[in-house]
Amino acid sequence: MIKIQMPSLLERVMPRTVALLVASLLGACASTTPQQDLSPGTDRNSLPRNWAQGPNHAAATAPASGFADAANPAEKAHPLLQDSLQPGVAIDLNEARASADLWVRLRSGFAMPELDNDGVRRAEVWYSSRPDYVQRMTERGGRYLYHVIEEVEKRGMPTELALLPFVESAFNPQAMSTAKASGMWQFVPATGRDFALKQNIFRDDRRDVLASTRAALDYLERLNKMFGGDWQLALAAYNWGQGNVQKAINRNKSAGLQTDYDNLKIPDETRYYLPKLQAVKNIVLAPQKFGLSLPAMSNHPYFLSVTLDRDIDVDLAARLAGMKVDEFKQFNPQMNKPVMLAAGSNQMLLPYDNAKSFADGLAAHRGPLASWTAWTVTQTMSPATAAKQVGMDEALLREINMIPPRMLVKQGSTLLVPRAAHRIEDVSEHMAENASINLAADTPPLRRVSYKAGKGDTVESMASRYRVSSAQVAEWNKVSVKSSFKPGQTVVMYQAFATKRLAMAKQSNAAGKPATAAKATPNGKANSKPNGTRTVAAKSGGGGLTSGTAVHQMSKR
């Protein structure tokens, strides 16, 4: 099992221990062909063949005790490698299985009912008319497809499900839909939380390759069980929602109709969902039939899972691994901030060659691993004040913590700030798992003002008159934005507390007379001489939207 441990503080001052770390990695995954130097035509999905070429190379399996013994140069190379995601399973690159075509393995597990309808034909035409798109999609999917197939097969599921990310996101783990669905399996926030996908200011596990795959297959298994083993209904529910599919089934039952996928009344998007999957399946079965070609994929892992026990900057980790930051993020897309936390997502994925480069670079690195840490705001303050306290440029603090203009940072919020002499500890597990940032509008406090509606008053007219939005008036009065008010009905508005006199607005009453202003009294009430169509009262506003304070929970990106 290849397991690269990030060094502790003690290990970083112990050269021999670091040397053992490097020796172990050299023994497990030595390579003389850096990945970043591969030409565009090179099969980047294949492991370097020199990893298993016998005693002239350093490929050897680490002993069960952990790291190889650097003091034993007589240790001979071994052709077997261990994948850290499959403990105890040896990978022999000389075996026929490892060099077999992954597409063949995928095809052999197809087990879902075939679809043959106009939707399938339409999807086939769409994909076949975009060969460049299909090429990019399948090459990108090649990074993750072996792992997905492994997980699908472990559960005894049909391997068509491994093709679902092609339909959902074109196998892009950083994809984000207009409905806020994220990751290659396209989880919306609520469903992601239901399946233990953490979403906070530091990371979004909906984009995590390993975590999202586990969650998606958990969800699909649940849906399949819920709908009696019918994968077509399960997939329709994955796209449309299990409650919607169940309601459609119940409607058909009540009407005496069949309840299978073909007979349900479902939205066009969901009706087209399974045909798209069938079209991708047909292309995988016979790409030449559609004038397409699929990139070669070998039947072995593409990446290693590297364990972290110290916080590390993303750009430093990428540099040590010999990768560009954008490429590094293709394997570790869940990070929301420029630092990876050992107490949060305590692993990173690296291609085999780059795992070796990472360990070499780590051993040679002198200096801190992380330049960022987390800081809890002790009291509500402006970003300018927060930046001054941590010795940081305000613009950078706003940018890295995604703080919009004219907002305050509320007490208890977590900000990412530079490490300093008095802030050198790694981020705690509690903070890594629960950090959030709460913002409040940096505006004067508002006071509540009550009016009596006149004839013909509506939410829209009141909003226009007092220069606020219709949505605000509707929210304050618990009505819809299209609502009208009855004459004499109390209408709640909020206006700036700092204003000495309540804002005046010309309002016609039933008799066409203008409104009369009211002055607030010390007890919060207002004396007024209404014109017979309304009364005015004022008091200090409370919290939440009704006080004009906007609370913004930042849980992703």
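So, here is what we can say about the structure in this document. (Residues numbered from 1 in each chain as written. Predicted model: local features only at pLDDT ≥ 70, side-chain atom pairs only at ≥ 80, totals over all residues. Heavy atoms only, no water.)

Looking only at helices and strands, the protein has 21 helices and 16 strands in total. Here the protein holds 557 residues, and the buried ones make up 49% of them. In the protein, the proportion of contacts linking residues at least 24 apart, taken out of those at least 6 apart, comes to 70%. In the form shown here, the protein has an accessible surface area of approximately 26,500 Å², with 52% of it arising from carbon and sulfur atoms. (Helix = DSSP H or I, 4+ residues; strand = E, 2+ residues; numbered from the N terminus. Buried < 20%, exposed > 50% of the residue type's maximum accessible area, 1.4 Å probe, protein only. Contact = heavy atoms within 4.5 Å. Areas by Shrake-Rupley, 256 points an atom, 1.4 Å probe, with all protein chains shown as cover.)

Before going further, it helps to spend a moment on unusual backbone geometry. Peptide bonds are mostly trans, and most non-glycine residues show a negative phi. The phi angle at Lys180 is positive, at roughly 70 degrees, despite the residue not being glycine. Structurally, Lys180 is set in the loop between helix H8 (164-169) and helix H9 (189-194). Although it is not a glycine, Lys478 sits at a positive phi angle of roughly 55 degrees. Here Lys478 shows up in the loop between helix H21 (470-477) and strand E12 (490-496).

The contact between helix H5 (residues 118-128) and helix H13 (residues 268-285) brings their axes to 8 Å, and the two run at 55 degrees. As the angle between them shows, H5 and H13 are arranged oblique. In this structure, H5 meets H13 at a crossing whose hand is right-handed. From H5, Gly119, Val120, Arg121, Arg122, Ala123, Glu124 and Tyr127 reach across to H13, where they touch Tyr272, Pro275, Lys276, Gln278, Ala279, Val280, Asn282 and Ile283. (Axes fitted to C-alpha atoms, helices over the stretch in contact; angles between N-to-C directions. Parallel < 35°, antiparallel > 145°, perpendicular 65-115°, else oblique. Left-handed = near helix turned anticlockwise from the far one by under 90°.)

Here the focus is the side chain of Glu160. Looking at the element boundaries, Glu160 is found in the loop between helix H7 (145-154) and H8. Take Glu160: its relative accessible area is 2%, and that puts it in the buried class. If sequence neighbours within four positions are ignored, Glu160 has contacts with Gly109, Phe110, Ala111, Met112, Leu277 and Lys281.

The next thing to look at is the nonpolar core. If you look at the biggest cluster of nonpolar residues, it comprises 92 residues, and the most contacted ones within it are Trp185, Leu220, Tyr238 and Phe358. Looking at this core element by element, the count peaks at nine residues for helix H10 (residues 209-226). Excluding residues within four positions of it along the chain, Trp185 makes contact with Val148, Leu161, Leu164, Pro165, Glu168, Ser212, Thr213, Ala216, Leu217, Leu220 and Tyr238. Counting 28 residues, the second largest nonpolar core, distinct from the first, contains Ile201, Trp375, Ile400 and Val417. (Core = buried A, V, L, I, M, F, W, Y, C linked by side-chain atoms within 4.5 Å.)

Taken as a whole and assessed by the stated rule, the structure comprises 22 salt bridges. Of the charged contacts in the structure, one is a salt bridge between Glu433 and Lys198, with a shortest N-O distance of 3.8 Å. Highlighted residues: Glu433 in helix H19 (residues 429-434) and Lys198 in the loop between H9 and H10, separated in sequence by 235 residues. For Lys198, a relative accessible area of 25% translates into the label partly exposed. (Salt bridge = Lys/Arg side-chain N within 4 Å of Asp/Glu carboxyl O.)

Okay, the packing of aromatic side chains next. In this description, an aromatic ring pair is defined by two values, namely the gap between the centres and the angle between the planes. Throughout the structure, instances matching the rule amount to 12 aromatic pairs. An angle of 75 degrees between the planes, with centres 6.5 Å apart, marks the rings of Phe187 and Tyr238 as edge-to-face. Of this pair, Phe187 sits in the loop between H8 and H9 while Tyr238 sits in helix H11 (residues 231-240), and the two are 51 residues apart along the sequence. We note that Phe187, like Tyr238, is buried. Ring-pair connections join several aromatic residues into one group, and the members of that group are Phe187, Phe195, Tyr219 and Tyr238. In this structure, Arg122 packs its charged tip against the face of Tyr272, placed 3.9 Å from the ring centre. A cation sits over an aromatic face here: Arg271 above Tyr261, 5.1 Å from the ring centre. (Phe/Tyr/Trp six-rings, centres within 6.5 Å; stacked < 30°, edge-to-face > 60°. Lys NZ or Arg CZ within 6 Å of the ring centre and 35° of its normal.)

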